Amino acid sequence: MKPVNQILSLAVIALLFACSGKQEQPAQTAQATPVPVYSITQHDAFTWQEYPVMLEGRTDVEIRPQVDGYLQSVLVDEGAYVKAGQAIFKIQDHRYREAYNNASGSLNAAEAALINAKLEVEKLTPLVEGKVISEYQLRSAKAALKIAEGNKKQAEAAVASARINLEFTTVKAPVSGYITRLPKKQGSLVSAADPLPLTTLSDNAEMHAYFSVSEADFIAFRDKNEGATLNDKLAHLPALSLMLPDDTEYAQKGKIDMIDGQFNKTTGSITLRASFPNVQGLLRAGNTGKVKLGLPHADAILVPQAATVELQDKIYVYTVDASNKVTKTPIVILGRSGNDYIIKEGVKAGDRIVYKGFEGLQDGVTIAPEKVKSEIAAK
């Protein structure tokens with residue numbers, strides 16, 4: 001049993017020596033993690049609200065025939081650009097030309113009858129003065145003259161009407177613009193009563209984008225923009241951007257130039273119009289897109305979006321107190337301005353927040369702040 005006791009004694013001594021060695025090791029102090037910290041500032045900013053739009057040309061004109069007949073020829077192609085006064089359709093004019101010739105003949109007859117009536121009056125006048133014939137015959141001749149004058153005016157009106165109908169057989173462009181689809185082809189029977197027009201002519205040199213805003217958005221727009229009247233406010237509005245369906249931005253900026261006179265009683269919204277130059281003809285009537293309407297915010301509290309984290313539909317920042325301890329703080333967003341959030345509630349100007357590297361931070365952790373320039377958030 002003696003060897004066993006010796007082994008146990010050695011084991012006890014080794015255990016005591018190991019414990020005493022651990023107690024002699026100095027305790028290690030946790031090091032504060034260096035983290036970029038940003039000081040919240042105030043700046044003038046804009047929030048942008050997107051609204052869907054439908055584009056229309058400056059002038060969209062339905063081209064309809066004014067007379068009935070067979071379409072003799074189509075003088076333009078679909079999508080072609082035409083100038084004001086250019087002929088675009090020709091309707092068969094045979095019967096209208098004959099009607100014009102007939103009216104011209106009737107006018108000639110009426111003019112001849114008028115001449116005869118005048119001659120009769122001139123012949124009878126001296127005879128009545130010489131008391132060769134009774135005054136009754138002269139009065140009758142003068143009445144016939146009045147009838148002849150009336151017949152001539154009627155004939156002139158018939159000629160003018162026939163001439164107008166004859167001219168209507170050539171359909172001309174009332175304005176300059178682009179031709180749309182041509183539902184009627186050569187040989188088709190056309191009429192002024194047709195439900196569909198021959199085509200639509202769009203003056204696309206300037207495009208109008210119509211969109212509706214809610215009453216609340218309109219009040220914010222009215223109150224936040226500079227100017228005493230709505231026209232003054234429109235004059236001070238910044239340029240407007242048009243986003244196309246492929247999420248690209250149209251190269252030319254637009255301007256709001258019209259506000260509807262009343263709200264829609266059904267939807268509670270009001271219509272605004274923005275105009276965009278389209279000299280190159282890249283836009284067409286019927287295009288869709290979105291416009292961005294900006295609202296100014298003076299001395300807004302801005303927080304970089306990169307300095308926020310979203311959890312369960314709420315947005316947080318990590319604030320840093322005077323002792324460099326962090327706290328996860330919820331914030332209420334008023335809107336976006338570039339890469340920054342405009343803050344309604346949660347933080348104020350001068351507060352410090354963690355800018356980056358907050359993924360592993362917890363409430364109450366002490367950090368070693370590294371200052372971040374305010375220009376970083378402004379980018």
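The text that follows walks through the structure, step by step, so that each part is easy to find. (Residues numbered from 1 in each chain as written. Predicted model: local features only at pLDDT ≥ 70, side-chain atom pairs only at ≥ 80, totals over all residues. Heavy atoms only, no water.)

Here's the deal with the overall build of the protein
Of regular secondary structure, the protein possesses six helices and 19 strands. Against the compact-globule benchmark of 21 Å for 379 residues, the protein has a radius of gyration of 44 Å, which places it well outside the compact range. The 379 residues of the protein split such that 32% are buried. In the protein, 75% of the contacts between residues at least 6 apart in sequence involve partners at least 24 apart. Carbon and sulfur atoms make up 53% of the accessible area of the protein, which amounts to about 23400 Å² in all. (Helix = DSSP H or I, 4+ residues; strand = E, 2+ residues; numbered from the N terminus. Rg over C-alpha atoms; globule rule 2.2 N^0.38 Å. Buried < 20%, exposed > 50% of the residue type's maximum accessible area, 1.4 Å probe, protein only. Contact = heavy atoms within 4.5 Å. Areas by Shrake-Rupley, 256 points an atom, 1.4 Å probe, with all protein chains shown as cover.)

Looking at the pairing of strand 13 (residues 288-304)
Residues in a regular strand project their side chains so that they alternate between the two faces of the sheet. Bridging between strand 2 (residues 41-63) and strand 13 involves 13 bridges; their strand directions are antiparallel. Across the sheet, residue Pro52 finds its bridge partner in strand 13, namely Lys290. In this structure, strand 10 (residues 241-243) lies alongside strand 13, joined through three bridges in antiparallel fashion. The partner of Leu242 across the bridge, within strand 13, is Val291. In this structure, strand 13 lies alongside strand 17 (residues 340-345), joined through three bridges in antiparallel fashion. By the bridge assignment, Pro304 is partnered in strand 17 with Asp340. (Pairing = 2+ DSSP bridges.)

Some remarks on the nonpolar core
One broad rule of soluble globular proteins: the nonpolar side chains tend to lie buried together. By size, the foremost hydrophobic cluster in this structure holds 24 residues, and its most contacted members are Phe211, Val213, Phe221, Leu242, Ile256, Phe276 and Val291. Within the residue set of this core, elements represented by two or more residues are strand 2, strand 9 (199-214), helix 4 (215-224), strand 11 (255-259), strand 12 (269-277) and strand 13. With near-sequence residues (within four places) excluded, Ile256 lies in contact with Phe211, Leu234, Leu237, Leu240, Leu272, Arg273, Ala274 and Leu293. Grouped together as the second largest cluster of nonpolar side chains are 17 residues, Leu71, Ile91, Val171 and Leu182 included. (Core = buried A, V, L, I, M, F, W, Y, C linked by side-chain atoms within 4.5 Å.)

Focus on the side chain of Ser73
Structurally, the position occupied by Ser73 is in strand 3 (residues 69-74). Ser73 sits in the buried class, given a relative accessible area of 18%. Among residues more than four places away in sequence, those in contact with Ser73 are Phe89, Lys90 and Gln186.

With respect to helix 2 (residues 94-129)
Over its 36 residues, helix 2 runs 53 Å from end to end, which matches the ideal 52 Å to within 8%, given 1.5 Å per residue. Those residues of helix 2 not exposed but buried are Tyr96, Ala103, Ser104, Leu107, Ala110, Leu114, Ala117, Val121, Leu124 and Val128. Close packing links the buried residues of helix 2 with helix 3 (135-168). Directly after helix 2, the chain includes Lys131, whose backbone phi takes a positive value near 60 degrees. (Expected span 1.5 Å × (residues − 1).)

Looking at the environment of His236
Tracing the chain through its elements places His236 in helix 5 (residues 230-236). It is 35 Å that separates the C-alpha atoms of His236 and Pro174, two residues lying 62 residues apart in sequence. Residues in contact with His236, not counting those within four places in the same chain, are Glu226 and Lys255.

Some thoughts on the sheet that holds strand 8 (residues 189-190)
Spatial strand order, 6-5-3-8: four strands in an open sheet with antiparallel pairing. Each end of this open sheet is capped by a strand with a single partner; those strands are strand 6 (170-172) and strand 8. Inspection of the sheet shows strand 3 paired to strand 8 by two bridges, in the antiparallel sense. Directly across from Tyr70, in strand 8, lies its bridge partner Leu189.

Focus: the packing of aromatic side chains
Taken as a whole and judged by the stated rule, the model has five aromatic pairs. Judged by centre distance (5.6 Å) and plane angle (85 degrees), the ring pair of Phe218 and Phe263 falls under edge-to-face. Of this pair, Phe218 sits in helix 4 while Phe263 sits in the loop between strand 11 and strand 12, and the two are 45 residues apart along the sequence. We classify Phe218 as buried; its relative accessible area is 7%. Taking NZ or CZ as reference, Arg284 lies 4.2 Å from the ring centre of Tyr178, over its face. Between Lys328 and the ring centre of Tyr316, over which it is positioned, the NZ or CZ distance is 5.1 Å. (Phe/Tyr/Trp six-rings, centres within 6.5 Å; stacked < 30°, edge-to-face > 60°. Lys NZ or Arg CZ within 6 Å of the ring centre and 35° of its normal.)

With respect to the pattern of salt bridges
Evaluation of the coordinates by the stated rule reveals 13 salt bridges. The salt bridge involving Asp257 is made with Arg273; its shortest N-O contact spans 3.0 Å. Of this pair, Asp257 sits in strand 11 while Arg273 sits in strand 12; the two residues are 16 residues apart in sequence, bridging distant segments of the chain. The salt bridge involving Lys348 is made with Asp351; its shortest N-O contact spans 3.3 Å. Via salt bridges that share partners, Glu78, Arg181 and Lys185 belong to a single interconnected network. (Salt bridge = Lys/Arg side-chain N within 4 Å of Asp/Glu carboxyl O.)

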